[in-house]
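Coordinate analysis (summary)
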Amino acid sequence: MLPFIRSDLAQFTAYKPHPSSDTGGSVPAQFDRLDTNESPYDLPAELKEKLAWTYQQVIETNRYPDGGHETLKDAIAEYVNESANLSPSLFTAGNISVGNGSDELIRSLLIATCLGGEGSILIANPTFSMYGILAQTLGIPVVAVARNETNFEIDLKAAQSAIEQTQNPSIRVVFVVHPNSPTANPLTAAELVWLRSLPEEILVVIDEAYFEFSQTTVVGELAQRPNWLILRTFSKAFRLAALRVGYCVAHPEAIAILEKVRLPYNLPSFSITAGLVALQYRTLLLKSVAQTLSERAKLIEAFSQDPRLQIAESAANFIYLRLKPNYFHPQDSVLKSLHQELRNSGTLVRQISGGLRITVGTTQENIRTLNRLQAALANVEF
Ligand SMILES: *Cc1c(COP(=O)(O)O)cnc(C)c1O
């Protein structure tokens, strides 16, 4: 360990979602990459051409990007209002902040709320790993509660007592995902009642990364709740994961703070343009959501035929499956073998919290997933 490095960082390992490759993407394209919940569809060629044209004719690479993101924020606000059938003037640019992926916004939120011993965060595992990872790199304590093993609802009793009992520092931010990753369930009525009951000293972050698939959002409640904040991203349904564009919707005062802590040119000009083009062509791009949902239904139906698998309902573009209790093995040995067999046959999925999270891919990919999982199940020893 280098002697000038903060001692608490020694225990961390870098986040590595994929093995690396030299193909441009982070994994060789011959794999079915169903482990990071991206869209399986690249941008349509006509939009890529449009972007290429903009790059050649409009973007001056010697100039800094538009650091205020005003045009993009206007377009996002319009989409947010439309996406929840709200008044077209309810949210405006003043309610939006954009980040280099929503990951950057998560880090900015942590800096703005908890840094310097001022707060801890609360999460309910299993959930999106970046909240905990980013908090730890900033020295922010993470309090984790569990979820119901069947429907994956947050253990609300444990969550409430964590809020009441955590001290030095107390909990300042609660992170939830709607629908949750990896378990794919949207917030329940009871969870929402609990979130509404939290005092205004606690920021409630509702991460709607999968909103376009779930078509359920709490953005309409934001106007009454100054301590709520919604995160969204262009990395999933909008098919722009490579370009890193995320945003949040919140009270203008919260937005003003985020604008203070972010880096001045956090989004490259090309990414800003891509976000604008994606919104302009949203009807075209989001057509693929219906395809994904019908593929998801087929996959769930097929997986459900296997008596050994326990399939969670999904409101997102991925499926979470576990082995039924009779087939459970200590140390997840069967699961590990299934994960490895799938990988050997060319399908990457995520092994997480005693289950497999499988992204819904193209029709061809999903057929392969089914065949390969069946073959893997036939090969492993139960
Ligand atoms: C994929 C995902 C994101 C997106 O992160 P980006 O940095 O915008 O790519 C955010 N939150 C959750 C829960 C996700 O699954």
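Residues numbered from 1 in each chain as written. Predicted model: local features only at pLDDT ≥ 70, side-chain atom pairs only at ≥ 80, totals over all residues. Heavy atoms only, no water.

Quick notes on the domain arrangement of the chain
Note the following rule: Domain delimitation follows an automatic or database domain assignment. The contact criterion used throughout is that any non-hydrogen atoms of two residues lie within 4.5 Å. The term buried area denotes the loss of accessible surface (1.4 Å probe radius) that occurs when two parts are joined, taken as the sum for both partners. Any Lys or Arg side-chain nitrogen found within 4 Å of a carboxyl oxygen on Asp or Glu counts as a salt bridge. N or O atoms within 3.5 Å of each other form a polar contact, as long as, within protein, one can give a hydrogen and the other can take it, and as long as residues adjacent in sequence are counted only when both atoms are side-chain atoms. Per the convention used, a helix needs a DSSP run of H or I reaching at least four residues, while a strand needs a run of E reaching at least two, with both numbered from the N terminus. Gly is placed with the polar residues, together with every amino acid not listed as nonpolar (Ala, Val, Leu, Ile, Met, Phe, Trp, Tyr, Cys and Pro) or charged (Asp, Glu, Lys and Arg).
When its domains are assigned, the chain resolves into domain 1 (19–37 + 286–378) and domain 2 (45–284). Between the C-alpha centres of domain 1 and domain 2 the distance comes to 26 Å. In this complex, domain 1 contributes 21 residues to the contact, which on the side of domain 2 involves 22 residues. Summing the contributions of domain 1 and of domain 2, the shared interface buries around 1,800 Å²; its carbon and sulfur component is 61%. The tally of links between domain 1 and domain 2 comes to one salt bridge. Here E149 ties to R322 by a salt bridge, and the two come within 2.9 Å at their closest N and O atoms. Inspection of the region where domain 1 meets domain 2 yields 10 residue pairs in polar contact (both at pLDDT 80 or more). Counting only elements with at least two residues in the side of domain 1 that touches domain 2, the list comes to α11 (287–304) and β10 (318–323). The element best represented in the side of domain 1 that touches domain 2 is α11, accounting for five residues. Looking at side-chain class alone, the side of domain 1 that touches domain 2 contains nine nonpolar, eight polar and four charged residues.

Things to note about helix α2 (residues 70–83)
Selection criterion: Here the expected span of a helix is defined as 1.5 Å times the quantity of residues minus one. Whether a residue is buried, partly exposed or exposed follows from its accessible area with a 1.4 Å probe, protein chains only, as a fraction of its type maximum: under 20%, in between, or over 50%, in that order.
Here α2 spans 20 Å end to end across 14 residues, near enough to the 20 Å set by a 1.5 Å rise per residue. Restricting attention to buried positions, one finds in α2 the residues L72, K73, A75, I76, A77, Y79, V80, N81 and S83.

Thoughts on the nonpolar core
For soluble globular proteins, the rule of thumb is that nonpolar side chains tend to be buried together. The cut-off we apply is this: Only buried Ala, Val, Leu, Ile, Met, Phe, Trp, Tyr and Cys residues count toward a nonpolar core, and they belong to the same one when joined by side-chain atoms within 4.5 Å.
Among the nonpolar cores identified, the biggest contains 54 residues, and L122, V174 and L195 are the most heavily contacted of them. Broken down by element, this core gets its largest block of residues, six residues, from α2. Those residues in contact with V174 that lie beyond four places of it in its chain are L122, I163, W194, L195, L198, I202, L203, V204 and V205. By size, the runner-up hydrophobic cluster in this structure holds 24 residues, among which are I121, A135, V177 and L231.

Digging into the sheet that holds strand β5 (residues 171–177)
The criterion, for reference: Paired strands, in this sense, are two strands between which DSSP finds at least two bridges. Orientation is described by lines fitted to C-alpha atoms, with helices fitted over the stretch in contact, and by angles between N-to-C directions that extend from 0 to 180 degrees.
Read across the open sheet, the seven strands follow the order β2-β8-β7-β6-β5-β3-β4; overall the sheet is mixed. The two strands at the open ends of the sheet, each matched to only one other strand, are β2 (96–99) and β4 (142–145). The mean inter-strand angle of the sheet, taken between neighbouring strand axes irrespective of direction, is 25°. Relative to strand β7 (residues 228–233), strand β6 (residues 203–207) is paired through four bridges, and the arrangement is parallel.

Brief notes about the sheet that holds β10
Spatially, β9-β10-β13-β12 is the arrangement adopted by the four strands of the open sheet, whose pairing is antiparallel. Each having just a single partner strand, β9 (309–311) and β12 (350–352) make up the two edges of the open sheet. Direction aside, the axes of adjacent strands within the sheet are offset by 30° on average. Note: β12 against strand β13 (residues 355–359), three bridges, orientation antiparallel. Across the sheet, I352 pairs through a bridge with G355, a residue of β13. The strands touched by α11 within the sheet are β9, β10 and β13, with β10 carrying the most contacts at an inclination of about 10°.

Some remarks on the environment of K236
Relative to the helices and strands, K236 is located in the loop between β7 and β8 (246–250). A C-alpha to C-alpha distance of 9.2 Å links K236 and F213, two positions 23 residues apart in sequence. Filtering out sequence-adjacent residues up to four positions away, K236 remains in contact with T36, N37, S39, A209, Y210 and F213.

Comments concerning the side chain of H178
With respect to the secondary-structure elements, H178 resides in the loop between β5 and α6 (189–197). At a separation of 2.9 Å, a polar atom in the side chain of H178 contacts the main-chain amide nitrogen of L187.

Brief notes about the pattern of salt bridges
Per the counting criterion, the structure on display carries 16 salt bridges. Among the ionic pairs, R196 bridges to E221, the shortest N-O distance being 2.6 Å. Placement of the pair is R196 in helix α6 and E221 in the loop between α7 (211–214) and β7, with a sequence separation of 25 residues. One salt bridge in this structure joins E221 and R225, with 2.6 Å as the shortest N-O distance. Through salt bridges with shared partners, a single ionic network connects D32, R368 and R372.

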